[in-house]
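Remarks on the overall topology
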Amino acid sequence: MKRLALSVLLPAVLLFASIPAFAADGAKAPAAAAAVAKYDIDPAHSNVTFGWNHFGFSNPTARLKTIEGSVELDKADLTKSSVSVTLPLDGLDTGVAKLDEHVKSADFLDAAKYPTITFKSTKVEKAGDNGLRITGDLTVHGVTRPVTLNAKVNKIGLFEMGPFKAQAAGFDAETVIKRSDFGVNKYVPAVSDEIPVRITLDAKQAK
């Protein structure tokens, strides 16, 4: 009888002992899935600017006004975050219509053939208290090269304006690229090869 009782009781004990473990695993899974949230880039409050030296006389700038993309944000560990951005060249603006046309022509960016610039991060590292190093693949003029952005976290938190409320994240970043690395060689070095790029980015959590 004792052997029979043990043979019945032991599996029951093991079954009930396993229930908390399964419950704990089940509780952890949604938390892990929710750790990374998608934030859509707000084009009204984001832009990319770049500049160059023109034959030693001046330092014009241009702005890419149209920004599409998203940030996959892990607020608990920003190194697990990622960013993907597309910049249509029809949003390029130097403030001078003829210069816009020239920069977008086959002499430079050849927007008719390569209508967008894209960036997709491959690694995010911490750099000081508020800093990040974001490495990714930048595609310009049909050429893809690795680029590292030196970024700063401006703010992550609730954005409120009137009835509108949303979780938001804001960043600034900068880098310097060599346009000749992307096959954009016209007038180098009279028109500078090194192009400083500055980015300000506002993103709102997707619903």
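Numbers given for residues are sequential positions, taken from 1 along each chain in its written order. Predicted model: local features are reported for residues with pLDDT of at least 70 only, side-chain atom pairs are reported and counted for 80 or more only, and whole-chain, interface and lining totals are derived from all residues. To get the side-chain values, all heavy atoms of the structure are used, and hydrogens and water are removed first.

Let's talk about the overall build of the protein
Helix and strand definitions follow DSSP, with helices as H or I runs of at least four residues and strands as E runs of at least two, each counted in order from the N terminus. The number of helices and strands found in the protein is two helices and eleven strands. In this scheme, a residue with accessible area under 20% of its type's maximum is buried, one over 50% is exposed, and one in between is partly exposed, where area comes from a 1.4 Å probe on protein chains only. Evaluated residue by residue, the protein yields a buried proportion of 33% over its 207 residues. Throughout, a residue-residue contact means that at least one pair of heavy atoms, one from each residue, lies within 4.5 Å. Relative to all contacts within the protein whose residues are 6 or more apart in sequence, the contacts with residues 24 or more apart total 53%. Per element, the accessible surface of the protein, about 12,700 Å² overall, is 59% carbon and sulfur. Reported accessibility uses the Shrake-Rupley method at a 1.4 Å probe radius. Residues are deemed covered only where the shown protein chains occlude them.

Concerning unusual backbone geometry
In this structure, the amide linkage connecting Val 188 to the following residue, Pro 189, adopts the cis form with an omega of 5°. Structurally, the position occupied by Pro 189 is in the loop between strand E10 (164–178) and strand E11 (194–205).

Quick notes on the side chain of Ser 81
Looking at the element boundaries, Ser 81 is found in the loop between strand E4 (68–74) and strand E5 (82–88). The definition of a polar contact used here is a pair of N or O atoms within 3.5 Å, where within protein one atom must be able to donate a hydrogen and the other to accept one, and adjacent residues in sequence count solely through side-chain atom pairs. In terms of polar contacts, Ser 81 uses its side chain to reach the backbone amide nitrogen of Asp 74, at 2.9 Å.

Looking at the pairing of strand E8 (residues 131–140)
Of all ten residues in E8, seven are buried, a share of seventy percent or more. Bridge count for strand E7 (residues 116–126) against E8 is eight bridges, and the pairing is antiparallel. Paired with Ser 121 across the strands is Gly 136, a residue of E8. The criterion for strand pairing is that DSSP finds at least two bridges linking the strands in question. Here E7 hands over to E8 after four residues, with Gly 128 in that stretch at a positive phi of 80°. As paired strands, E8 and strand E9 (residues 143–161) are joined by ten bridges and run antiparallel to one another. Across the sheet, residue Gly 131 finds its bridge partner in E9, namely Lys 152. Here E8 folds back onto E9, and the loop between the two strands holds two residues, one of which, His 141, carries a positive phi near 60°.

Some words on the side chain of Asp 202
Position of Asp 202 among the secondary structure elements: in strand E11. A distance of 2.9 Å separates polar atoms of two side chains, one belonging to Asp 202 and the other to Lys 204. Aside from chain neighbours lying at most four places away, what touches Asp 202 is Asp 40, Ile 41, Asp 42, His 45, Ser 46 and Ala 169.

Considering the pattern of salt bridges
A pairing counts as a salt bridge when a side-chain nitrogen of Lys or Arg comes within 4 Å of a carboxyl oxygen of Asp or Glu. Evaluated as defined, the whole model comprises six salt bridges. Of the charged contacts in the structure, one is a salt bridge between Lys 165 and Glu 160, with a shortest N-O distance of 3.5 Å. One salt bridge in this structure joins Lys 204 and Asp 202, with 2.9 Å as the shortest N-O distance. Of the two residues examined, Lys 204 and Asp 202, each falls in the buried class. Three or more residues joined by partner-sharing salt bridges are found here, namely Asp 42, Asp 202 and Lys 204.

Quick notes on the packing of aromatic side chains
Two aromatic rings from Phe, Tyr or Trp, using only the six-membered ring of Trp, form a pair when their centres are within 6.5 Å; if the ring planes differ by under 30 degrees the pair is stacked, by over 60 it is edge-to-face, and anything between is tilted. In this structure the tally under the stated criterion is four aromatic pairs. When the centroid spacing of 5.9 Å and the interplanar angle of 35° are considered together, the rings of Phe 50 and Trp 52 count as tilted. The class of Phe 50 is buried, set by a relative accessible area of 14%. Judged by centre distance (6.2 Å) and plane angle (45°), the ring pair of Phe 108 and Tyr 187 falls under tilted. Remark: Tyr 187 occurs in the loop between E10 and E11 and Phe 108 occurs in the loop between helix H2 (97–103) and E7; sequence separation between them is 79 residues. Members of the aromatic cluster, connected to one another through ring pairs, are Phe 55, Phe 108 and Tyr 187. The residue whose ring lies beneath Lys 186 is Tyr 187, and the NZ or CZ to ring-centre distance is 5.2 Å. In our convention, an over-ring charge means Lys NZ or Arg CZ found within 6 Å of a ring centre and within 35 degrees of that ring's normal. Above the ring of Phe 159, the side-chain terminus of Lys 204 is found at 4.8 Å from the ring centroid.

With respect to the nonpolar core
Counting residues in each nonpolar core, the largest one holds 41 residues, and the members touching the most others are Phe 50, Leu 64, Leu 132, Ile 134 and Leu 138. Discounting residues that sit within four places of it in the chain, Leu 132 has contacts with Leu 78, Val 124, Glu 125, Lys 126, Ala 127, Leu 149, Asn 150, Ala 151, Val 153 and Phe 171. Put simply, a nonpolar core is a bunch of buried Ala, Val, Leu, Ile, Met, Phe, Trp, Tyr and Cys residues held in one set by side-chain atoms that sit within 4.5 Å of each other.

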